[in-house]
Number of protein chains: 2
Amino acid sequence: MTSIKDVAAQAGVSVATVSRVLNSHPSVSPDARTRVLAAVDALGYRPNAVARSLRTDQTRTLGLVISDVLNPYFTELARFVEEEARALGYSVIIGNADERPELQDHHVRTLLDRRIDGLLVSPADGDSPLMAEVSRGGTPMVFVDRWMPGVDVPVVRADGRHAIRDLVAHLHALGHRRLAIIAGPAATTTGNERVEAFREALRAYELDLPEVYIGQGDFQADSGRRVTERFLALPEPPEVVFAADNLMALGALDAIRAAGLRVPRDMGLAAFDDIPWFVHTDPPITAIAQPTGELGRAAVRALVDMVEGRSPQSVTLPARLVVRRSCGEPASDQRSNL
Amino acid sequence: MTSIKDVAAQAGVSVATVSRVLNSHPSVSPDARTRVLAAVDALGYRPNAVARSLRTDQTRTLGLVISDVLNPYFTELARFVEEEARALGYSVIIGNADERPELQDHHVRTLLDRRIDGLLVSPADGDSPLMAEVSRGGTPMVFVDRWMPGVDVPVVRADGRHAIRDLVAHLHALGHRRLAIIAGPAATTTGNERVEAFREALRAYELDLPEVYIGQGDFQADSGRRVTERFLALPEPPEVVFAADNLMALGALDAIRAAGLRVPRDMGLAAFDDIPWFVHTDPPITAIAQPTGELGRAAVRALVDMVEGRSPQSVTLPARLVVRRSCGEPASDQRSNL
DNA sequence: CTGAAAGCGCTTACAG
DNA sequence: CTGAAAGCGCTTACAG
């Protein structure tokens, strides 16, 4: 590989001058600049980012640790994060935790070893003392989507409370009373919050959320399948199942179909997180859509603010209900989004 | 950050000894080893990967540049790539090209600047002189899924020819004769190959693939939509449309629905790439499934072989047809995969 | 405006 | 088995 020395030799200047030209330092003579640029061009020289990072103690790289890349919601989030980071002059390295805390910690450590400038995390299930440690250690860090109580870092997330209220109103208007939820892991904030918001919304209609109607899932399709099978075996199965993410909704659909039943005739289904395929499933699925793009962008901005010494801002954005046909025909006064 | 010096001081040895312990060099006394390990533990020391890379000239990092992370096929591929790389002791940095050659080149350059040990690429549409340059420059490189003619690096990919033949046999058996394809970009190998294999398979039944039945897409949903609209407007629209990837199939579905028509009654639909949602779409979609996991693993192994000085192997794996209901009811002698 | 020199945090021949 | 020293490729005070 050609190094700064080669460029210096070719241009007939010192490496210091080459460095200055490359970093647009003002005190370089036009003549030196021209010669350096010509040499860079002739040699196809590209600065070694590793050496630069060692020297400057910054990598211009952000780490993003997400719970599950295969979940379209997180894939999309990752995409927007990378886009915004690139716009601000940063690269991003993604670590996929697969909803496993040890794998999450592995990635966090690897990222820290590489001296990323900041860390964006959507914590997986299970507690991780590492997070608090990292934050205390002074690494700029921001939680996105999910957060961990007790770890004092900015949080960028969507609030589904209102949308869940709208969902319950929609279900109630359709005459449904026995409503169940496939919850995410209790240790994740989104897991908890969605159950609590659901319970609260039911209460407004004087409906109960009995224990048997709370299925413990882990945000993966398989758990949605298992929980739904259990719901179906109940003496009095729920009329509608609300899956706390799109993968568990997929599992629920699998289970309902495997039982020879149909949505919404035999059981209604709704999901948190909206994805393009929900328009084309049989039937189209009523879902709660998160403003994924804005979340990703806001998270990066908060993190870069920290990295660059400005004060970061926590952001909460509203999610919104998209009514389709998976819970029964929408009442005529509700706007449909097919 | 605590450095190797701090550990040396705490353990009462030189930094050289610390380094030896950390790298399991044999010539270290048990006593020194114990003291170093204790110091490492006490200080929570983690070696600076940036410094190590600069010194050893290896980063234990692989770059993966894919055409579109939002495409579930590539998301899955990326996941398996990371998994296998991790098993072999490497990290991977993903660059998302969004099917844009300039963005692809941007990522390749950034990755090279970071001195990744090897590069895995699924080239986007449009030619990129950079690729040939990189390969000639001596950076270990492997193409996965797609490849570029004229760039002499190992290729790990699926061969869809046989599965496409099966698909055409299936369509023919169902009585369909007017078959159309939504092709990928002509400059991508997968774009071309799928059209050619389709044309060839049709020929075996003495069927033609007229120009108007070849829609030019770009592997994105929007193009599938546009092409399908054009097909529908034809005096004699095709009976079945075969989309060369799953996103264009999504677009096709959008267009068919928007026209108030139904699959397969009004138009059949099949797709290259299989995804979990295809089981639940209306109707379930007949698709050609790639062995994504094996592709990802084989690609990483080939690349790591190059990186570590062994001779790498190109691999071609067969894709297979999964018959569902989107082209009409399957004949009874064909195994159905709902 | 310019260059010589120090130093970022490591690893590794070299000498003992 | 151990340490002092060189050096990876940069950047940046410092002196001129």
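All of these numbers come straight from a predicted model, not from anything done at the bench. (Residues numbered from 1 in each chain as written. Chains lettered and ligands numbered in written order. Predicted model: local features only at pLDDT ≥ 70, side-chain atom pairs only at ≥ 80, totals over all residues. Heavy atoms only, no water.)

1. A short note on the packing of helix H1 (residues 4-11) of chain A against helix H3 (residues 30-43) of chain A
All names here are of chain A. Axis separation between H1 and H3 bottoms out at 8 Å; the angle between their running directions is 125°. It follows from the interaxial angle that H1 and H3 lie oblique. Of the two elements, H1 crosses H3, and the hand of that crossing is right-handed. Judged by residue contacts, Asp6, Val7, Gln10 and Ala11 of H1 engage Arg35, Val36, Ala39, Val40, Ala42 and Leu43 from H3. (Axes fitted to C-alpha atoms, helices over the stretch in contact; angles between N-to-C directions. Helix = DSSP H or I, 4+ residues; strand = E, 2+ residues; numbered from the N terminus. Parallel < 35°, antiparallel > 145°, perpendicular 65-115°, else oblique. Left-handed = near helix turned anticlockwise from the far one by under 90°. Contact = heavy atoms within 4.5 Å.)

2. Looking at the protein's contact with DNA strand C
Every one of the 27 residues lining DNA strand C counts as a neighbour, but Thr17(A), Arg20(A), Ser19(B), Tyr45(B) and Arg55(B) are closest to it. Sugar and phosphate atoms form 62% of the subset of DNA strand C atoms that lie within 4 Å of the protein. The separation between a phosphate oxygen of DNA strand C and a polar side-chain atom of Asn23(B) is 3.2 Å. One nitrogen or oxygen atom from the side chain of Arg52(B) is found 2.7 Å from a phosphate oxygen belonging to DNA strand C. Where the surface near DNA strand C is concerned, the elements lending two or more residues are helix H2 (15-22) and helix H4 (49-56) of chain A together with helix H1 (4-11), helix H2 (15-22) and helix H4 (49-56) of chain B. No other element matches the 5 residues that H4(B) contributes to the surface near DNA strand C. A per-class count over the surface near DNA strand C returns 12 nonpolar, 9 polar and 6 charged. (Near = heavy atom within 4 Å. Polar contact = N/O pair within 3.5 Å; in protein donor to acceptor, adjacent residues only side chain to side chain. Nonpolar A, V, L, I, M, F, W, Y, C, P; charged D, E, K, R; others polar.)

3. Considering the confidence of the model for chain A
With 97% of its residues at a pLDDT of 70 or more, chain A shows a mean pLDDT of 93. Within the model, pLDDT remains below 50 along residues 333-338 of chain A, and this stretch shows 12 contacts once partners closer than five positions in the same chain are excluded. (pLDDT = per-residue confidence, 0-100.)

4. Concerning the layout of surface pockets
The space that makes up the second largest pocket amounts to roughly 880 Å³. Within the residue set of the lining of the second largest pocket, elements represented by two or more residues are helix H5 (72-87), helix H10 (221-233) and helix H11 (246-258) of chain A together with helix H5 (72-87), helix H10 (221-233) and helix H11 (246-258) of chain B. No other element matches H5(B), which puts 5 residues into the lining of the second largest pocket. For the lining of the second largest pocket, a count of residues per class yields 18 nonpolar, 4 polar and 11 charged. (1 Å grid on protein atoms, 1.4 Å probe; cavity = no way out; pocket = protein on both sides within 12 Å on 5 of 7 lines; lining within 4 Å. Points joined across faces, edges and corners; volume = space filled by probe spheres on them.)

5. Examining the pairing of strand E2 (residues 91-96) of chain B
Along any regular strand, the residues point their side chains to alternate faces of the sheet. Residue and element names in this part refer to chain B. A large share of E2 lies buried, amounting to 6 of its 6 residues. Burial of the side chains of E2 extends over both faces: Ser91, Ile93 and Gly95 are buried on one face and Val92, Ile94 and Asn96 on the other. Note that the unit made of strand E1 (residues 61-66), H5 and E2 has a crossover that is right-handed. (Buried < 20%, exposed > 50% of the residue type's maximum accessible area, 1.4 Å probe, protein only. Right-handed = clockwise from strand over helix to strand, strands pointing away.)

6. Overview of the domain arrangement of chain A
Put simply, an interface is often sized by how much accessible area is lost when its parts join up. Residues and elements named next belong to chain A. Domain assignment breaks chain A into domain 1 (4-47), domain 2 (59-156 + 292-317) and domain 3 (159-290). Computed from C-alpha atoms alone, the centre-to-centre distance between domain 2 and domain 3 is 28 Å. Facing the 17 residues of domain 2 at the interface are 17 residues of domain 3. Carbon and sulfur atoms make up 49% of the surface buried where domain 2 meets domain 3, a total of about 1,300 Å² over both sides. (Domains from an automatic or database assignment. Buried area = accessible area lost by both parts, 1.4 Å probe.)

7. A word on the UniProt feature "domain: HTH lacI-type" (unreviewed entry) in chain A
Within this numbering scheme, the UniProt entry marks residues 2-56 of chain A as carrying the feature "domain: HTH lacI-type" (unreviewed entry). Structurally, residues 2-56 of chain A comprises 69% helix and 0% strand, and the distance from its first C-alpha atom to its last is 20 Å. (UniProt positions renumbered as here; feature names shortened; annotations may be inferred.)

8. Regarding the packing of H10(A) against H11(A)
Residue and element names in this part refer to chain A. Where H10 meets H11, the axes come as close as 6 Å, and the angle between the chain directions of the two elements is 45°. The angle between H10 and H11 places the two elements in the oblique class. Helix-helix and strand crossings are classified by hand; for H10 and H11 the assignment is right-handed. Here Ala221, Ser223, Gly224, Arg225, Thr228, Glu229 and Leu232 of H10 lie close against H11, whose contacting residues are Leu247, Met248, Leu250, Gly251, Ala252, Asp254, Ala255 and Ile256. Looking at side-chain class alone, the contact of H10 with H11 contains 8 nonpolar, 4 polar and 3 charged residues.

9. Focus on the pairing of strand E3 (residues 118-121) of chain B
All names here are of chain B. Of the two faces of E3, the one holding Gly118 and Leu120 and the one holding Leu119 and Val121 are both buried throughout. For E1 and E3, the ladder comprises 4 bridges, and the chain directions are parallel. Residue pairing across strands places Leu64 opposite Leu120, the latter belonging to E3. Pairing of E3 with strand E4 (residues 141-144) involves 3 bridges; the strand directions are parallel. Residue pairing in the sheet places Leu120 in a bridge with Val142 of E4. At this point the chain moves from E3, through helix H7 (residues 129-136), to the parallel E4, and the crossover so formed is right-handed. (Pairing = 2+ DSSP bridges.)

10. With respect to the sheet that holds strand E12 (residues 320-322) of chain B
Sheet strands line up and pair through hydrogen bonds in the backbone, either parallel or antiparallel. Residues and elements named next belong to chain B. Taken in spatial order, the 6 strands of this open sheet run E7-E6-E8-E9-E10-E12, and their pairing is mixed. Lying at the two open borders of the sheet, with one neighbouring strand each, are strand E7 (214-216) and E12. Between one strand axis and the next, the sheet turns by 20° as a mean value, whatever way the strands run. Across the sheet, helix H9 (residues 189-204) is in contact with strand E6 (179-183), E7, strand E8 (240-243) and strand E9 (268-272); its angle to E6 comes to roughly 170°.

11. Some thoughts on helix H6 (residues 101-113) of chain A
All names here are of chain A. Across its 13 residues, H6 extends 18 Å between first and last C-alpha, which sits within 8% of the 18 Å expected from 1.5 Å per residue. Looking at H6, one finds that the buried residues are Leu103, Gln104, Asp105, His107, Val108, Thr110, Leu111 and Asp113. One or two steps after H6, the chain reaches Arg115, where phi turns positive at roughly 60°. (Expected span 1.5 Å × (residues − 1).)

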